[in-house]
Amino acid sequence: MQDPDIRRQIPAAQKIWQAMPNPLPVSRYWVRRAMDVVLDELRQDAVQGQLPPPVPIIVQNILHKAEEWAIPHLKPVINATGVLIHTNLGRSPLPAEIMEMVKDVATQYSTLEYEVEAGRRGSRHDHVAGVLADLVGGEAAMVVNNNAAAVLMALSALARGQEVVVSRGELVEIGGSFRIPEVMALSGAILREVGATNKTHARDYIGAINTNTGMLLKVHQSNFRVIGFTQGLSTADLVRIGREYGIVVMEDLGSGVIDPLRLEDVVEPSVKEVVGAGVDIVTFSGDKLLGGPQAGIIVGKAAIIDRLKKYPLARAVRVDKMTLSALEGTIRWYLEGRAQELPLWHMMTQTVDTLQQRATAVAQVLRQRVSGPVDIDTAPDFSQIGGGSMPGTHIPSVVVRVTPQDGSVVPHFEQRLRYARMPVIARISHGSVIFDLRTIFPSQESLLIDTIVMALEEALFT
Ligand SMILES: *Cc1c(COP(=O)(O)O)cnc(C)c1O
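Residues numbered from 1 in each chain as written. Predicted model: local features only at pLDDT ≥ 70, side-chain atom pairs only at ≥ 80, totals over all residues. Heavy atoms only, no water.

- Identification of the protein as L-seryl-tRNA(Sec) selenium transferase from Sulfobacillus thermotolerans is taken from an unreviewed UniProt entry.
- UniProt, in its Sequence similarities (unreviewed entry) section for the protein, records the words "Belongs to the SelA family." (UniProt positions renumbered as here; feature names shortened; annotations may be inferred.)

What follows is the structure, encoded as structure tokens:
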């Protein structure tokens with residue numbers, strides 16, 4: 001039963017408003033919402049016979065909640081996982097200098113679809129087409145929302161109702177329900193699978209060609225590898241068959257590295273090579289190994305790109321001006337020899353020596369500031385590219401290792417790191433929480449240290 005006496009002791013909203021600081025630290029909207037929730041809680045407490053706290057405490061509780069809600073839901077985190085293209089953490093970070101270009105374009109009117117010299121309507125694809133051609137070759141280019149959209153649109157525009165020949169070794173699932181056979185079905189193209197999981201020969205493709213063949217498709221295997229007794233066709237082999245039979249050849253490259261990248265025994269095929277091999281169109285992501293914004297980039301023969309631009313789906317998957325601006329900036333940096341300054345490539349190419357120095361310094365400060373039963377040291381470890389790129393490859397790195405002597409503290413500590421205002425996403429490994437320096441920006445180190453110290457205190461003493 002509710003005790004009416006206790007309920008009556010809950011202060012009226014008006015009284016709480018009077019006790020609020022002026023000006024409010026955050027928007028009145030969030031304070032009002034927080035007040036509703038806190039007053040509701042007090043009413044529930046009253047049912048349990050619990051008295052409300054004094055007004056200043058109620059105000060404090062409300063403001064605490066309101067301040068938390070006033071922080072955007074989509075916010076930065078510190079990526080201590082060592083996974084460079086972390087899809088869940090936003091893939092490739094962009095440089096501040098390029099974001100200045102984006103800001104200029106986004107906060108004012110722009111030349112998005114306007115040719116200033118001619119004084120007439122222009123195409124949004126032209127902003128990157130020229131620089132892309134300079135960088136990777138090809139006659140024409142087009143940009144859409146992401147690579148999944150690029151593949152779907154290209155299949156639909158070029159092969160709807162026709163057969164698309166693909167090797168059985170390339171019928172991959174990229175993740176998030178993007179599976180080649182399903183995308184094919186959605187596009188209206190008919191999947192014609194050839195070869196075996198591990199081997200596909202030229203004769204397999206040739207044997208599948210008939211009057212209703214619309215395309216030969218090569219798909220980057222992305223997030224898995226077939227090793228051992230394997231064989232597939234090179235892009236050049238496929239182009240030769242396509243030319244002979246007059247069939248469009250398309251390659252979904254996925255990662256879109258500009259120059260060939262070798263890690264251990266894995267070589268990532270580059271956009272330059274694929275374009276150079278004469279493929280009709282190639283599609284790739286803007287925010288994987290290119291290190292730019294989310295986008296689907298299509299490079300290839302002018303006649304085919306023209307068909308794609310006119311295809312109705314193009315409008316549904318079109319890219320926005322902020323992305324285009326960031327992408328143009330990214331491509332310009334490659335041309336200007338500044339690719340190494342893109343955050344992704346800067347992080348990727350840091351030497352183990354540099355990382356060791358940074359890790360040692362961080363561990364030293366942590367040891368000075370942490371006074372609980374905790375071991376802190378550094379250890380060699382491995383970073384990963386992520387984003388489905390170059391699976392199974394490891395980049396030697398250095399981690400800071402924080403090991404609470406009481407193992408039961410570890411999950412609590414890791415959770416507290418995530419609950420911080422600037423969440424720190426770290427890995428748990430063999431009873432330690434480990435922080436890979438490769439994906440942590442040097443400018444984040446002091447905040448990282450503060451957060452580790454705070455999270456450890458909370459985990460150890462609460
Ligand atoms: C990642 C990937 C895609 C999807 O690209 P998004 O940019 O994530 O839409 C498609 N195909 C391949 C081969 C990929 O690796």
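Continuing now.
1. Looking at the UniProt feature "modified residue: N6-(pyridoxal phosphate)lysine" (unreviewed entry) in the protein
- UniProt records the feature "modified residue: N6-(pyridoxal phosphate)lysine" (unreviewed entry) at Lys-288, using the numbering of this structure.
- Its place among the elements puts Lys-288 in the loop between β13 (281-285) and β14 (296-300).
- Residues within four places of Lys-288 in sequence aside, it is in contact with Ile-85, Arg-91, Ser-92, Ile-174, Gly-254, Ser-255, Leu-344, Gly-387 and Ser-389. (Helix = DSSP H or I, 4+ residues; strand = E, 2+ residues; numbered from the N terminus. Contact = heavy atoms within 4.5 Å.)

2. Some points on the sheet that holds β14
- Taken in spatial order, the seven strands line up as β4-β14-β13-β10-β9-β5-β8 in an open sheet, and their pairing is mixed. Two strands close off the open sheet at either side, each with one partner strand: β4 (140-144) and β8 (190-194). Sheet twist, expressed as the mean angle between neighbouring strand axes with direction ignored, is 25°.
- The sheet contacts of helix α12 (residues 302-310) involve β4, β10 (248-254), β13 and β14, and relative to β4 the element is tilted by about 30°. (Pairing = 2+ DSSP bridges. Axes fitted to C-alpha atoms, helices over the stretch in contact; angles between N-to-C directions.)

3. Thoughts on helix α10 (residues 235-245)
- Taken together, the buried positions of α10 are occupied by Thr-235, Leu-238, Val-239, Ile-241 and Gly-242. Within α10, the buried residues cover an arc of 165° as seen down the axis, which keeps them to one side. Away from its buried face by more than 90 degrees, α10 exposes Arg-240, Arg-243 and Glu-244. (Buried < 20%, exposed > 50% of the residue type's maximum accessible area, 1.4 Å probe, protein only. Arc of directions from axis to C-beta.)

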